[in-house]
Amino acid sequence: MPPSSSTLASCLALVFAAGAGATLCYLYLAWWKRQEDEVRSGVLGLIGNTPLVRIASLSEETGCEILAKAEMLNPGGSVKDRVALQVVSEALSEGRLAPGGLITEGTAGSTGVSLAMVAAALGCRCAITMPDDAAIEKATMIQAYGAAVQRVRPVSIVHPDHPVNVARREAVATPGALFADQFENEANYRAHVKTGEEIWRQTGGRLHAFVSGAGTGGTIAGVSRSLKARDPRVRVFLIDPPGSSLFNKVKRGVMYAREEAEGKRLRNPFDTITEGIGINRLTANFNRALVDDAFRGSDREAVEMASYLLRNEGLWVGSSAAMNCVGAVKAARALGPGHVVVTLLCDGGHRHLSKFHNPEYLAQMGLTPVAQGRSLDFVE
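As the structure is a prediction and not an experimental result, all values here were calculated from the model.

S.K.: Quick one: what's the story with the overall build of the protein chain, residue by residue and with numbers?
M.R.: Within the protein chain one finds 13 helices and 10 strands. Split into buried and exposed, the 380 residues of the protein chain put 53% on the buried side. By sequence separation, contacts in the protein chain at least 24 residues apart represent 72% of the contacts at least 6 residues apart. When the accessible surface of the protein chain is summed, it comes to about 16,300 Å², and 56% of that surface belongs to carbon and sulfur atoms.

If you want it as structure tokens, here you go:
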């Protein structure tokens, strides 16, 4: 919210009374005080403006300041709240979604939770299609918001029964409905331009790198463009999980993952246990990203990082957030000590209890955490 005319007048007076430096300090403190005291308008008013947290153990072990946006503090519990609000708000204002209409989406889960929450807050209906190998907690949360959930077997995007294609058909068949289309809808990217603005403000523009995984590509696109518009020297790094082609797209200019090689593609492939990041096609949102370099991340690194953050910080994060922190460590090592690296904690661990934070599941996959203490030797 911009300062009122009376506040501006007072500040101008202070310019002459105390000097510009004192005035800017006063303005900053007054603005933040108003944010704390402000009454938000419903649950949707709680979305965004998440705090930036210093991860002490990662910072001290790397010699860099590693900061993370605590996106699990959005009301729906994840970074996808921003996207859901932007997509639905734009559709309503442009008349593409009728008031009280149906919102559909195909998703691994977190966007579905956020859309279900936004739909409930705005009096709309919501129907989510998701793969049946996604963590069951997400489906349960979607249903708790009153949305319908259809779970389908994992198939290629070209298959008619892919969750995205099922959701698109449902919207087409329903008058006044909206297919959210998070992968290709650039409202996703626009939502995260605001995320980048928050990062810039919270760091005072003093950062050297931003690190993120990519699924839809909206986060890394919006944040990268926002930050580089202010300082082109800010480095943007992609962290990519097993089975995803984006690493090779950034490094070599071609979409290719070794799991896709002729004779190696499995009928029911299992590439990674991280949910929400990694993809084998280019999206409209990712095409807008300004990425300088990329790192590979492994399931072992992600699992060990999640355990590390619990052990050393009391931070309980989901799989994509853990992978982002792996990327932050790799970026810190690449840049050297003394730099400021920012990433996102996409969601919390509570929606990953049946898989990523399930000891029995991890044991079956040969991924039981073994690292101890504060050493980051598990990050390759």
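What follows continues from the structure just given.
S.K.: Residues and numbers for the pattern of salt bridges, please.
M.R.: Here the structure, examined in full by the defined rule, presents 19 salt bridges. With a shortest N-O distance of 2.8 Å, E94 and R96 are connected by a salt bridge. We classify R96 as partly exposed; its relative accessible area is 37%. Each of K69, E71, R82 and E198 takes part in a single network of salt bridges with overlapping partners.

S.K.: Break down the packing of aromatic side chains for me, citing the residues and quoting the values.
M.R.: Aromatic ring pairs are described here by two measures, namely the spacing of the ring centres and the angle between the planes. This structure, assessed with the given rule, holds 2 aromatic pairs. An angle of 20° between the planes, with centres 5.1 Å apart, marks the rings of F237 and F295 as stacked. Here F295 lies in strand β9 (residues 293-296) and F237 lies in strand β8 (residues 235-240), a separation of 58 residues in the sequence. Comparing F237 with F295 shows no difference in burial state: the two are buried. Over the face of the ring belonging to F183 we find R281, whose NZ or CZ atom lies 4.6 Å from the ring centre.

S.K.: Could you give an account of the sheet that holds strand β4 (residues 125-131), naming the residues involved and the relevant values?
M.R.: Read from one edge to the other, the open sheet built from 4 strands follows the order β5-β4-β3-β6, with strand pairing classed as parallel. The open sheet has two edge strands with one neighbour each: β5 (148-152) and β6 (178-179). Sheet topology places β4 next to β5; 5 bridges connect them, and they run parallel. Looking at the pairing, I128 lines up with V149 of β5. Each of β4 and β5 is contacted by helix α6 (residues 136-144), which is oriented at about 155° to β5, the strand it contacts most. The strands touched by helix α7 (residues 163-172) are β3 (102-106), β4, β5 and β6; relative to β3, the strand with the most contacts, the crossing angle is about 160°.

S.K.: Outline the pairing of β8, listing residues and values.
M.R.: Most of β8 is tucked away, with 5 of its 6 residues classed as buried. Pairing geometry for β8 and β9, over 4 bridges, is parallel. Residue pairing across strands places L238 opposite A294, the latter belonging to β9.

S.K.: Requested: an account of a nonpolar patch on the surface, with residues and values cited.
M.R.: Taken together, the side chains of L310, W316 and L353 define a hydrophobic patch exposed on the protein surface, amounting to about 260 Å² of accessible area. Relative to the helices and strands, L310 resides in helix α11 (residues 299-313).

S.K.: Could you give me a rundown of helix α9 (residues 218-230), with the residues and numbers involved?
M.R.: The terminal C-alpha atoms of α9 lie 19 Å apart, and with 13 residues this matches the ideal 18 Å at 1.5 Å per residue to within 8%. When you tally the buried positions in α9, you get 10 out of 13 residues, the bulk of the element. Among the residues of α9, those classed as buried are G218, T219, I220, A221, G222, V223, S224, S226, L227 and K228. Its buried side turned inward, α9 meets α8 (187-203), β7 (209-212), β8 and β10 (340-345).

S.K.: Tell me about the packing of helix α4 (residues 80-93) against α8, and please be specific about residues and values.
M.R.: α8 packs onto α4 with a crossing angle of 130° between their chain directions and a minimal axis gap of 8 Å. Put simply, α4 runs oblique to α8. Here α4 and α8 pass one another in a crossing that is right-handed. Contacts between α4 and α8 involve R82, V83, Q86, V87 and E90 on the former and, on the latter, A187, N188, R190, A191, H192, K194, T195 and E198.

S.K.: Break down unusual backbone geometry for me, citing the residues and quoting the values.
M.R.: Its identity as a non-glycine residue notwithstanding, N49 has a phi of 55°, on the positive side. Overall, the relative accessible area of 39% leaves N49 in the partly exposed class. The phi angle at D181 is positive, at roughly 55°, despite the residue not being glycine. The residue D181 is located in the loop between β6 and α8 in this model.

So, how was this worked out
- Residues numbered from 1 in each chain as written.
- Predicted model: local features only at pLDDT ≥ 70, side-chain atom pairs only at ≥ 80, totals over all residues.
- Heavy atoms only, no water.
- Helix = DSSP H or I, 4+ residues; strand = E, 2+ residues; numbered from the N terminus.
- Buried < 20%, exposed > 50% of the residue type's maximum accessible area, 1.4 Å probe, protein only.
- Contact = heavy atoms within 4.5 Å.
- Areas by Shrake-Rupley, 256 points an atom, 1.4 Å probe, with all protein chains shown as cover.
- Salt bridge = Lys/Arg side-chain N within 4 Å of Asp/Glu carboxyl O.
- Phe/Tyr/Trp six-rings, centres within 6.5 Å; stacked < 30°, edge-to-face > 60°.
- Lys NZ or Arg CZ within 6 Å of the ring centre and 35° of its normal.
- Pairing = 2+ DSSP bridges.
- Axes fitted to C-alpha atoms, helices over the stretch in contact; angles between N-to-C directions.
- Patch = residues over 30% accessible without salt bridge, like charges linked within 9 Å, V, L, I, M, F, W, Y side chains within 5 Å.
- Expected span 1.5 Å × (residues − 1).
- Parallel < 35°, antiparallel > 145°, perpendicular 65-115°, else oblique.
- Left-handed = near helix turned anticlockwise from the far one by under 90°.

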